[in-house]
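Residues per chain are reported as follows:
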Amino acid sequence: MSKVTVVGAGNVGATCANVLAVHEVADRVCLIDIKEGLAEGKAMDIMQTAQLMGFDTVVEGVTNDYSRTAGSDVVIITSGIPRKPGMTREELIGVNAGIVKSVATQVLTYSPDAILIVVSNPMDTMAYLTLHALGLPRNRVIGMGGALDSARLRYYLSQALNCNANDVDGFVIGGHGDTTMIPLKSFMTYKGVHVSHLLSDEEIDDVVKKTMVGGATLTGLLGTSAWMAPGAAAASVAESIIRDQKKMIPCSVSLEGEYGMKDITIGVPCIIGRNGLEKVLELQLSQDEMEQLRNSEAAVRKTTAVLKDLNVL
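Residues numbered from 1 in each chain as written. Predicted model: local features only at pLDDT ≥ 70, side-chain atom pairs only at ≥ 80, totals over all residues. Heavy atoms only, no water.

**Q** What is the right way to look at the overall build of the chain in this model?
**A** The number of helices and strands found in the chain is 10 helices and 14 strands. Relative to its length of 313 residues, the chain is compact, with a C-alpha radius of gyration of 19 Å against a globular reference of 20 Å. Referenced to the eigenvectors of the C-alpha coordinate spread, the extents of the chain come out at roughly 55 × 50 × 40 Å. Looking at the chain as a whole, 51% of its 313 residues are labelled buried. Partitioning the intrachain contacts of the chain with sequence separation of at least 6 by distance along the chain shows that 68% fall at a separation of at least 24. Within the chain, one finds 27 positive and 35 negative side-chain charges whose respective centroids are separated by 3 Å. (Helix = DSSP H or I, 4+ residues; strand = E, 2+ residues; numbered from the N terminus. Rg over C-alpha atoms; globule rule 2.2 N^0.38 Å. Buried < 20%, exposed > 50% of the residue type's maximum accessible area, 1.4 Å probe, protein only. Contact = heavy atoms within 4.5 Å. Lys, Arg positive; Asp, Glu negative; His and termini not counted. Charge placed at Lys NZ, Arg CZ, Asp CG, Glu CD.)

This is how it looks when you write it as structure tokens:
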């Protein structure tokens, strides 16, 4: 019997739990939150759609009792706070580092072999923290940012081509941030045809620019961070693990020399299967793309260095 725990019953966490249930990714989904009644209410709301949507997955809501998460194959961590007015980057990292580290420690107490998917921001930094603070092997800690950014790229690409999003391909590597992500122009295709045959350089550049500010665009429209695509992206990574799909999904993982990098978690193309990270794919990038990746690396390292300054590792 398979089980996935989602920590945090906010918009992203609840959406993730709902997608896991509707797609019947696991037999059981545990949705847990620190706020009294929140996870229970959202789980009940999801379960009341079971007959309407035709799924058999059981979703359970729990308030702060991590013993109920026992036996989880995958744990998705969405906990954390957004940056507030007047809050420095260091303060945000410090607060979220404490939350994520506490959550990861508690879930591993009851599910010591679980694979952890990190959603909390800043995501690359929180994935690095989870990996190193808990001493886990790199295959068991996966940041989901690339999965979300790549989904947004495919949306904007399909809009530019006026086609179905399922007919286009392309992905994003680098850090999970507006200035650090790298939508790879050299791998954008429509039914196997490179988009340079179908779109002008200006149109391709426009797709790249829209992708990079995709999160900010939604925040501007919604007045808060997006949750549908982030929740679905995290669920898709969990699905590839639970069902051993071995999908190629760009994720933030720890590198051990790939792309010339070590001691960093950053978005790269990954094979995701039952063991979590099963392989990092080293692609032949253009000179410009490699330069962008080096710039992204420097920015991610700068943010991650705050963890050492805060002595939370």
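From this point, the narrative continues.
**Q** Would you take a moment to explain helix 10 (residues 287-309) for this structure?
**A** With 23 residues, helix 10 should reach 33 Å at 1.5 Å per residue; the first-to-last C-alpha distance of 34 Å fits that figure. Buried within helix 10 are the following residues: Glu289, Leu293, Ser296, Glu297, Val300, Thr303, Thr304, Val306 and Leu307. Looking one or two residues beyond helix 10, the residue adopting positive phi is Asn311, at roughly 55°. (Expected span 1.5 Å × (residues − 1).)

**Q** Looking at this model, I keep getting lost on the pattern of salt bridges. Mind explaining?
**A** A pair can form between side chains of opposite charge whenever their charged atoms are brought close. Applying the stated criterion across every chain, the model contains 14 salt bridges. With a shortest N-O distance of 3.0 Å, Arg274 and Asp73 are connected by a salt bridge. Residue Arg274 is found in the loop between strand 13 (262-273) and strand 14 (276-280), and its partner Asp73 is found in the loop between strand 3 (58-63) and strand 4 (74-77); the two are separated by 201 residues along the sequence. We classify Arg274 as partly exposed; its relative accessible area is 33%. What makes Asp73 buried here is its relative accessible area of 18%. As a salt-bridge pair, Arg243 and Glu239 come within 2.4 Å of each other at their nearest N and O atoms. Linked through salt bridges whose partners overlap, the residues forming this network are Arg138, Glu256 and Glu258. (Salt bridge = Lys/Arg side-chain N within 4 Å of Asp/Glu carboxyl O.)

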